[in-house]
Amino acid sequence: GTLAAPDMSGGTFTLSSTGGLEQARVTSAQPLINLPQVAILWMSRIRDEAVVDGGVVRPGRMMSCSLSFDHRYIDGAEATSFINNLTSLIGHPLEGSE
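Here, residues in each chain are numbered from 1, in the same order as that chain's written sequence. Given that the model is predicted, a residue must reach a pLDDT of at least 70 before its local features are reported, and side-chain atom pairs must reach 80 or more before they are shown or counted; all residues, however, enter totals for whole chains, interfaces and linings. Note: side-chain values were computed over all heavy atoms of the structure, leaving out hydrogens and water.

Participant: Which residues make up the layout of surface pockets, and what values do they have?
Facilitator: Here the term cavity refers to a set of points on a 1 Å grid, laid over the protein atoms alone, in which a 1.4 Å probe fits but cannot get out; the term pocket refers to an open set having protein on both sides within 12 Å along at least five of seven lines, with lining residues being those that place an atom within 4 Å of a point. Grid points are joined across faces, edges and corners, and a volume is the space filled by probe spheres set on the points. Each pocket or cavity is described by its volume, and for the largest pocket that value is around 230 Å³. Lining the largest pocket, in full, are Ile46, Arg61, Met62, Met63, Cys65, Thr87, Ile90, Gly91 and His92. Where helices and strands are cited, they refer to DSSP runs of H or I of at least four residues and of E of at least two residues respectively, numbered from the N terminus. Sorting elements by how many residues they give to the lining of the largest pocket places helix H1 (residues 76–91) first, with three residues. Considering only residue class, the lining of the largest pocket consists of five nonpolar, three polar and one charged. Classification used: nonpolar for Ala, Val, Leu, Ile, Met, Phe, Trp, Tyr, Cys and Pro, charged for Asp, Glu, Lys and Arg, polar for all others including Gly.

Here it is, written out as structure tokens:
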């Protein structure tokens with residue numbers, strides 16, 4: 001309740017989520033860019049789901065992400081690389097760290 005409008009200005013990227021809504025069943029979203037920013041990333045809650053791994057169904061943890069970006073500033077290949085790197089880091093946070 002203490003965040004003011006000037007505190008939210010001057011950024012180039014927004015991170016959005018479903019927040020702490022325990023009852024939220026949202027599995028996808030199409031976030032809108034907050035102009036003059038150039039991108040926004042929405043992330044869902046982590047949820048338990050059945051996952052197929054090598055032809056075997058097992059319990060797993062899943063989270064959805066959606067990236068909206070302005071093609072005038074960000075190339076689609078760069079955005080795809082970003083989201084792929086992000087999902088790798090979330091799925092395997094200790095790989096590559098020192």
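Following the structure, the description resumes.
Participant: Account for the pairing of strand E3 (residues 47–53), naming residues and giving values.
Facilitator: Bridge analysis of E3 against strand E4 (residues 56–62) gives seven bridges, and the strand direction is antiparallel. Note that in E4 the partner of Asp53 across the bridge is Val56. Each pair of strands is called paired provided DSSP finds at least two bridges between the two strands.

Participant: Got a sec to walk through the sheet that holds strand E1 (residues 13–17)? Specific residues and values, please.
Facilitator: Strand pairs in the sheet, formed through backbone hydrogen bonds, run parallel or antiparallel to each other. The strand order across the open sheet formed by three strands is E1-E2-E5, and the pairing between neighbours is mixed. A single partner strand is all that each edge strand has here, and the edge strands are E1 and strand E5 (65–69). On average, each strand axis in the sheet is tilted by 15 degrees relative to the strand beside it, whichever way the strands run. Note on contacts: a residue pair is in contact if any heavy atoms of the two residues lie within 4.5 Å. Whenever a helix is involved, its axis is fitted only over the stretch in contact; in every case the axis is a line through C-alpha atoms, and angles between N-to-C directions fall within 0 to 180 degrees. Relative to the sheet, H1 contacts E1, strand E2 (39–43) and E5, its axis offset from that of E5 by approximately 155 degrees.

Participant: Kindly report on the nonpolar core, identifying the contributing residues and their values.
Facilitator: Of all hydrophobic cores here, the largest spans nine residues; its members are Val38, Ala39, Leu41, Met43, Leu67, Ile74, Ala79, Ile83 and Leu86. For this core, the elements supplying multiple residues, two or more each, are E2 and H1. Among residues more than four places away in sequence, those in contact with Leu67 are Phe13, Ala39, Ile40, Leu41, Ala79, Phe82 and Ile83. To define a nonpolar core, start from buried Ala, Val, Leu, Ile, Met, Phe, Trp, Tyr and Cys residues and group those joined through side-chain atoms within 4.5 Å. Per-residue accessibility, obtained with a 1.4 Å probe over protein chains only, is compared with the maximum for each type, and a residue is labelled buried under 20%, exposed over 50%, and partly exposed between these values.

Participant: So what about the side chain of Asp70? Which residues, and what values?
Facilitator: Position of Asp70 relative to the elements: it lies in the loop between E5 and H1. Beyond its immediate sequence surroundings of up to four residues, Asp70 is in contact with Ile33 and Val38.

Participant: Got a sec to walk through H1? Specific residues and values, please.
Facilitator: One less than the number of residues in a helix, times 1.5 Å, gives the span that helix is expected to have. Along its 16 residues, H1 runs 22 Å from first to last C-alpha, staying within 8% of the 22 Å computed at 1.5 Å per residue. Along H1, the residues classified as buried are Ala79, Ile83 and Leu86. Buried residues of H1, seen end-on, are gathered within an arc of 60 degrees and therefore sit on one face of the element. Exposed residues on H1 whose side chains face more than 90 degrees from its buried face are Ala77, Glu78 and Leu89. If you follow the buried residues of H1, they end up packed against E2 and E5. The arc in question is formed by the directions pointing from the helix axis toward the C-beta atoms.

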